[in-house]
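Now for the letters of each chain:
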Amino acid sequence: MNAGWMNGKILDEKEMVLPVRDLGVLRGYGVFDFLRTYKKRPFHLEDHMVRLQHSAREIGMTIPYSLEELEKAMIDLLEYSDQDEVGLRIVCTGGFSRDSLTSKDGCNLFILMDPLKKFPPMYYEDGVKIITYRHMRFQPEAKSLNYIPAMEAMQEADDKGAVEALYCDEKGRLLEGTTSNVFIRKQGFWITPGRDVLKGVTRQVIMNLIDPAELKAEDIYISDLDGAEEVFITSSSKEIVPVTQVDELRFGDGAGPETKKLMKLFRHYVDSPEKWGFNGSL
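Residues numbered from 1 in each chain as written. Predicted model: local features only at pLDDT ≥ 70, side-chain atom pairs only at ≥ 80, totals over all residues. Heavy atoms only, no water.

Undergrad: Can you lay out the overall build of the protein chain for me, pointing to particular residues and giving the numbers?
TA: If you tally the helices and strands in the protein chain, you get 7 helices and 16 strands. Relative to its length of 282 residues, the protein chain is compact, with a C-alpha radius of gyration of 19 Å against a globular reference of 19 Å. Counting only C-alpha atoms, the protein chain reaches 55 × 40 × 35 Å along its principal axes. Within the protein chain, the proportion of its 282 residues that are buried is 52%. A fraction of 68% describes how many contacts in the protein chain between residues 6 or more apart in sequence connect residues 24 or more apart. Counting only carbon and sulfur atoms, one obtains 50% of the accessible surface of the protein chain, whose full area is about 14000 Å². Positive and negative charge centroids in the protein chain, built from 36 and 46 side chains respectively, lie 1 Å apart. (Helix = DSSP H or I, 4+ residues; strand = E, 2+ residues; numbered from the N terminus. Rg over C-alpha atoms; globule rule 2.2 N^0.38 Å. Buried < 20%, exposed > 50% of the residue type's maximum accessible area, 1.4 Å probe, protein only. Contact = heavy atoms within 4.5 Å. Areas by Shrake-Rupley, 256 points an atom, 1.4 Å probe, with all protein chains shown as cover. Lys, Arg positive; Asp, Glu negative; His and termini not counted. Charge placed at Lys NZ, Arg CZ, Asp CG, Glu CD.)

Laid out in structure tokens, this is it:
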């Protein structure tokens, strides 16, 4: 069966249902997280579950399961998969509401498991085009269910032949992609936005792989792209994707040498599960 996990049980997805008066349905009130596996091992599982709990606190919600219970649910669900690499989406909604605004009955939590969607190999060799899009997420450190702006941004990106949209605020400050973080290489430093963004788990892994003397986490502006030597985006599913064009500004004709070094370091890291804290067994 196409299995998922919901409120403590592994179920066929057809059996996973929410009340029509759930606040996730009525108000979009809820949070989620997404992680992937490598050879059936969940990548930085604990970090993703901690982030889910943090997202919930940011919007005044309490996850109804402990960190240990969430991790066990994930491992149990992976037992049902015959694929080495899957994506796992953990969603917590506000629960049933009698007045459409508040809930006293607790949250609903479910986990979906899907084959991992990957970018074409050529993207990692030739690089991709992204665009900038004027938007700043409400409560950016919460990975909430409100993805309407992201959907609008990605429609514009698709119309312009781009694969991602990079949010920027009214001051021209670059923030994050719809589903990614961004790094630029300039004057010998890797720079990534240090505030008002969702702190990606893969982003943090990459920051740990960079020589601290060459890393800055600080504000980046659109004007800073002029003169940047290399740019890449990163996420759980995308890993490290070289960017060769932002709007009409171009950066080389493929992955730059420093980006390639990081891609190689990252590949070595994910191929060594003992380095990223997975102690369970499947």
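Undergrad: Outline the sheet that holds strand S6 (residues 108–115), supporting the account with residue identities and numerical values.
TA: The antiparallel open sheet is built from 6 strands, whose spatial order is S2-S1-S6-S5-S3-S4. Every other strand in the sheet has two partners, leaving strand S2 (9–12) and strand S4 (41–42) as the edge strands with one partner each. Pairing of strand S1 (residues 3–6) with S6, which is carried by 2 bridges, proceeds in the antiparallel orientation. Looking at S6, one finds that Met 6 is bridged to Phe 110. Packed on one face of the sheet, helix H3 (residues 67–78) meets S1, S2, strand S3 (30–38), S4, strand S5 (86–93) and S6 and runs near 35° to S6. (Pairing = 2+ DSSP bridges. Axes fitted to C-alpha atoms, helices over the stretch in contact; angles between N-to-C directions.)

Undergrad: Which residues make up the nonpolar core, and what are the values?
TA: Grouped together as the largest cluster of nonpolar side chains are 35 residues, with contacts concentrated most on Phe 43, Ile 130, Ile 206 and Phe 266. Breaking this core down by element, the ones donating at least two residues are strand S7 (128–134), strand S8 (164–168), strand S10 (181–186), strand S11 (189–192), helix H6 (201–209), strand S14 (230–235), strand S15 (239–246) and helix H7 (257–270). Broken down by element, the residue count for this core peaks at 5 residues, all from H7. Setting aside residues up to four positions removed in sequence, Ile 206 forms contacts with Phe 183, Phe 232, Thr 234, Ile 240, Leu 262 and Phe 266. Counting 28 residues, the second-largest nonpolar core is a separate cluster that includes Leu 45, Leu 67, Leu 78 and Cys 107. (Core = buried A, V, L, I, M, F, W, Y, C linked by side-chain atoms within 4.5 Å.)

Fair warning: the whole summary comes from geometry, so function is off the table for now.
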